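Structural description and commentary
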Amino acid sequence: KTMIGGFVLKRRLMNAISSKSIDKLQSALKDIRDGCFHSLLDQPLDWNLNTPLHIAVAVNFTEGVIHLLEAGSNKHLPNLRGDTPVQWHLFPRLSAAARLCRRKPMHPSR
């Protein structure tokens, strides 16, 4: 609802993914859902325009990918290089998180 609240949630989301903390991620996703900040799931978290899903795939946070997709993250958004989370760099494309992202159907709201 507020710009500062959105910024804090975005930071919590980034920290949860970077640390691969499922508890912190679930808490941030609950607050995003409860506060009607769904657009944060598809906003870039860094200068390369990587979304939370890009970063979760990059760090091979498979359980986080599941929760992000179930929360409605768009797996078709490109980053600055034009890569979607499914295509994230060469080697992570082979990761379990990237394979899961490719198999999971889009969220009904997309």
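Here is a short report on the structure shown in this document. No experiment lies behind these values; they were computed from the predicted model shown. (Residues numbered from 1 in each chain as written. Predicted model: local features only at pLDDT ≥ 70, side-chain atom pairs only at ≥ 80, totals over all residues. Heavy atoms only, no water.)

Checked against the element boundaries, valine 59 lands in the loop between helix H3 (52-58) and helix H4 (62-71). Separated by 39 residues in sequence, valine 59 and lysine 20 have C-alpha atoms that sit 8.1 Å apart. Not counting residues up to four positions away in its chain, the partners in contact with valine 59 are Ile17 and Lys20. (Helix = DSSP H or I, 4+ residues; strand = E, 2+ residues; numbered from the N terminus. Contact = heavy atoms within 4.5 Å.)

Right, let's get into a nonpolar patch on the surface. A cluster of nonpolar side chains, Ile4, Phe7 and Val8, forms an exposed patch at the surface whose accessible area comes to about 340 Å². Judged by relative accessible area, which is 65%, isoleucine 4 ranks as exposed. (Patch = residues over 30% accessible without salt bridge, like charges linked within 9 Å, V, L, I, M, F, W, Y side chains within 5 Å. Areas by Shrake-Rupley, 256 points an atom, 1.4 Å probe, with all protein chains shown as cover. Salt bridge = Lys/Arg side-chain N within 4 Å of Asp/Glu carboxyl O. Buried < 20%, exposed > 50% of the residue type's maximum accessible area, 1.4 Å probe, protein only.)

Across all of its chains, the model carries two salt bridges by this definition. Between lysine 30 and aspartate 34 there is a salt bridge; the shortest N-O distance is 2.5 Å. Remark: aspartate 34 and lysine 30 occur in helix H2 (residues 22-34); sequence separation between them is four residues, near one turn of the helix. Among the residues examined, lysine 30 registers a relative accessible area of 43% and is labelled partly exposed.

This paragraph deals with unusual backbone geometry. Although it is not a glycine, cysteine 36 sits at a positive phi angle of roughly 60 degrees. Locating cysteine 36 in the fold gives a position in the loop between H2 and H3. Residue class for cysteine 36 comes out exposed when judged on its relative accessible area of 56%. Phi angles above zero are rare outside glycine, and leucine 49 is one such case at about 60 degrees. Along the chain, the position of leucine 49 falls in the loop between H2 and H3. Accessibility expressed as a relative area gives 37% for leucine 49, which makes it partly exposed.

Let us now look at the nonpolar core. One finds Leu13, Ile17, Leu25, Ile32, Val65 and Leu68 to be the most contacted residues of the largest nonpolar core, which totals 26 residues. When contributions to this core are tallied by element, the ones reaching two or more residues are helix H1 (3-18), H2, H3, H4 and helix H5 (96-103). Excluding residues within four positions of it along the chain, isoleucine 32 makes contact with Leu9, Leu13, Phe37, His38, Leu40 and Leu41. (Core = buried A, V, L, I, M, F, W, Y, C linked by side-chain atoms within 4.5 Å.)

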